[in-house]
Amino acid sequence: PVQLTAATIFNDWQSYETLSAFIAGLPGVTQLPSIGKTYQGRDINAFKFGTGPYAVVFNGGIHAREWISPATTTYVTDQLVKNADLLKKFTFYVIPVLNPDGYAYTRAASGQRYHRKNLEPNAGTSCIGTDINRNFDYMWSKPGASSDQCSDTYYGKAALSTAEASSLSKFIKSIPNTVGYVDLHSYSEMFLFANGYTCTGQVKDYDTLYKGSKLAADAIKATSGEIFKYGGSCATSYKTSGDTVDYMYNAVGVTYSYTLELRPNENAASGTAGFNPPVSEIIPSGQETTAAFLALWNYVYGQLSATPSPSTSP
Ligand code: 0X9
Ligand code: ZN
């Protein structure tokens, strides 16, 4: 078999199987039992690395066409496994492609390059798929998602009706001490946190979430010069209901939950072209996102270890 090395795999878009095999072979990485099966019967692969007391979960590939997301998720994993200091602070759980059916469909000659949703059929229509990022069980089916089965933001027949959303929900709830979550998407270069469902008000942890997003954006700017926006999802971008960060923050209680919109910048691309950057963007995206992760999770660790635990409080 062809050897999977960082020197070669980030020079092109890779299959789900190749990305999974590469991560499985990294030092210190354990492949976990599949977290669930998709409509087409693919295993949703998850991996664990690190020995720290706090857990961080991150995933790519919720949206099929956003190819830079699984690639960047894999690149970041390859970098984090070498960071002994961070691995003492956190245990990381990575799902490189949450929507492997959709990803395979966008790569297949007989498929659709710009398909976004999963591949579950909808009754009474030829329009395929639910938007996994509108299918989570917080403010599900409220404004910011569509009831139209043909819409790219179709919220599905029930909250957590998709195998992908329900598998991620069960998985994250099964992990102890989960303090962080990152959902990697593209494109438009933004670091976002709850809430997406409302554009008014601020969440309870706004100040620390904001500081984390600013530090991440600053680290990206220092690494590549790219300018990422940051802030509350709806206030910075547009309204979304039933998305990952609103669910993780409000329903699961994962405080440091972020959606990261990767390259390209919305000033540099428009329409579907933004989902199809040149392969030469993979390594720079991986480098800047690694810098963002280091800045963010080291900041978060400082916040957590500065908080007195109940037993040591006066
Ligand atoms: O709409 C989405 O699901 C995400 N953008 S994407 O282009 N990758 O589809 C954005 C989710 C983040 N939340 C908000 N922008 N409110
Ligand atoms: Zn997306």
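Since this is a predicted model, take the numbers as computed values, not measurements.

Rules behind the numbers
Residues numbered from 1 in each chain as written. Chains lettered and ligands numbered in written order. Predicted model: local features only at pLDDT ≥ 70, side-chain atom pairs only at ≥ 80, totals over all residues. Heavy atoms only, no water. Helix = DSSP H or I, 4+ residues; strand = E, 2+ residues; numbered from the N terminus. Rg over C-alpha atoms; globule rule 2.2 N^0.38 Å. Buried < 20%, exposed > 50% of the residue type's maximum accessible area, 1.4 Å probe, protein only. Contact = heavy atoms within 4.5 Å. Areas by Shrake-Rupley, 256 points an atom, 1.4 Å probe, with all protein chains shown as cover. Lys, Arg positive; Asp, Glu negative; His and termini not counted. Charge placed at Lys NZ, Arg CZ, Asp CG, Glu CD. Donors = N, O, S within 2.8 Å, 3.2 Å for Na, K, Ca; no water. Arc of directions from axis to C-beta. Core = buried A, V, L, I, M, F, W, Y, C linked by side-chain atoms within 4.5 Å. Phe/Tyr/Trp six-rings, centres within 6.5 Å; stacked < 30°, edge-to-face > 60°. Lys NZ or Arg CZ within 6 Å of the ring centre and 35° of its normal. Near = heavy atom within 4 Å. Polar contact = N/O pair within 3.5 Å; in protein donor to acceptor, adjacent residues only side chain to side chain. Nonpolar A, V, L, I, M, F, W, Y, C, P; charged D, E, K, R; others polar. Salt bridge = Lys/Arg side-chain N within 4 Å of Asp/Glu carboxyl O.

1. Considerations on the overall build of the protein
Counting secondary structure elements, the protein contains 10 helices and eight strands. For 314 residues, the compact-globule estimate of 2.2 N^0.38 gives 20 Å, and the C-alpha radius of gyration of the protein, at 18 Å, lies within 12% of that figure. Oriented by its inertia axes, the alpha-carbon framework of the protein measures out at about 60 × 50 × 40 Å. Put simply, the protein has 314 residues, and 56% of those count as buried. Relative to all contacts within the protein whose residues are 6 or more apart in sequence, the contacts with residues 24 or more apart total 76%. If you sum the accessible surface of the protein, you get close to 12,500 Å²; carbon and sulfur atoms cover 52% of it. For the protein, the distance from the average site of its 23 positive side-chain charges to the average site of its 25 negative ones is 3 Å.

2. Notes on the coordination of the zinc ion (ligand 2)
In ideal tetrahedral geometry, four donors around a metal make angles of 109.5 degrees, whereas ideal octahedral geometry with six donors gives angles of 90 or 180 degrees. Looking at the metal site, the zinc ion (ligand 2) is ligated by His 63 (ND1), Glu 66 (OE), Glu 66 (OE) and His 185 (ND1), spaced 2.0 to 2.3 Å from it. Counting along the primary sequence, the residues that act as donors to the zinc ion (ligand 2) give the motif H-x2-E-x118-H. Residue Glu 66 is located in the loop between strand S3 (54-59) and helix H3 (68-80), and its partner His 185 is located in strand S5 (residues 178-188); the two are separated by 119 residues in the primary sequence. Both residues of the pair, Glu 66 and His 185, belong to the buried class.

3. Here's the deal with helix H2 (residues 16-24)
Buried residues of H2: Tyr 16, Leu 19, Ser 20, Phe 22 and Ile 23, and no others. In a view along the axis of H2, the buried residues occupy a sector of 160°, so they form one face of it. In this fold, the buried residues of H2 make contact with helix H1 (6-9), strand S2 (47-49), H3 and helix H5 (100-107).

4. Brief notes about the nonpolar core
Ranked by size, the top nonpolar core spans 53 residues in total, and within it Phe 49, Phe 58, Phe 92, Phe 293 and Trp 297 carry the most contacts. By residue number, the principal contributor to this core is helix H10 (residues 282-306), which donates eight residues. When near neighbours in sequence (up to four residues on either side) are disregarded, Trp 297 contacts Val 56, Leu 86, Phe 90, Phe 92, Gly 180, Tyr 181, Val 182 and Tyr 256. With 22 residues, the next largest nonpolar core counts Leu 32, Tyr 93, Ala 165 and Val 254 among its residues.

5. What to know about the packing of aromatic side chains
Here the structure, examined in full by the defined rule, presents 23 aromatic pairs. Three or more aromatic residues joined by ring pairs form one cluster here, namely Phe 49, Tyr 54, Phe 58, Phe 90, Phe 92, Phe 293, Trp 297 and Tyr 301. Sitting over the face of the ring of Trp 67, Arg 113 holds its NZ or CZ atom 3.5 Å from the ring centroid.

6. Examining the site of ligand 1
Close to ligand 1 lie 15 residues, the nearest being Arg 116, Asn 133, Arg 134, Tyr 238 and Glu 261. Between an oxygen atom of ligand 1 and a side-chain N or O atom of Arg 134, the distance comes to 2.8 Å. Here ligand 1, which alone exposes 420 Å², has 95% of that area covered by the protein. In the shell around ligand 1, the residues fall into two nonpolar, eight polar and five charged.

7. So, the pattern of salt bridges
On inspection of all chains with the given rule, the structure shows 13 salt bridges. For Arg 134, the salt bridge goes to Asp 131, with nearest N and O atoms at 3.7 Å. Given a relative accessible area of 3%, Arg 134 falls into the buried group. Residue classification places Asp 131 among the buried positions, given a relative accessible area of 0%. Among the ionic contacts, a cluster of salt bridges with common partners joins Arg 116, Asp 131 and Arg 134.

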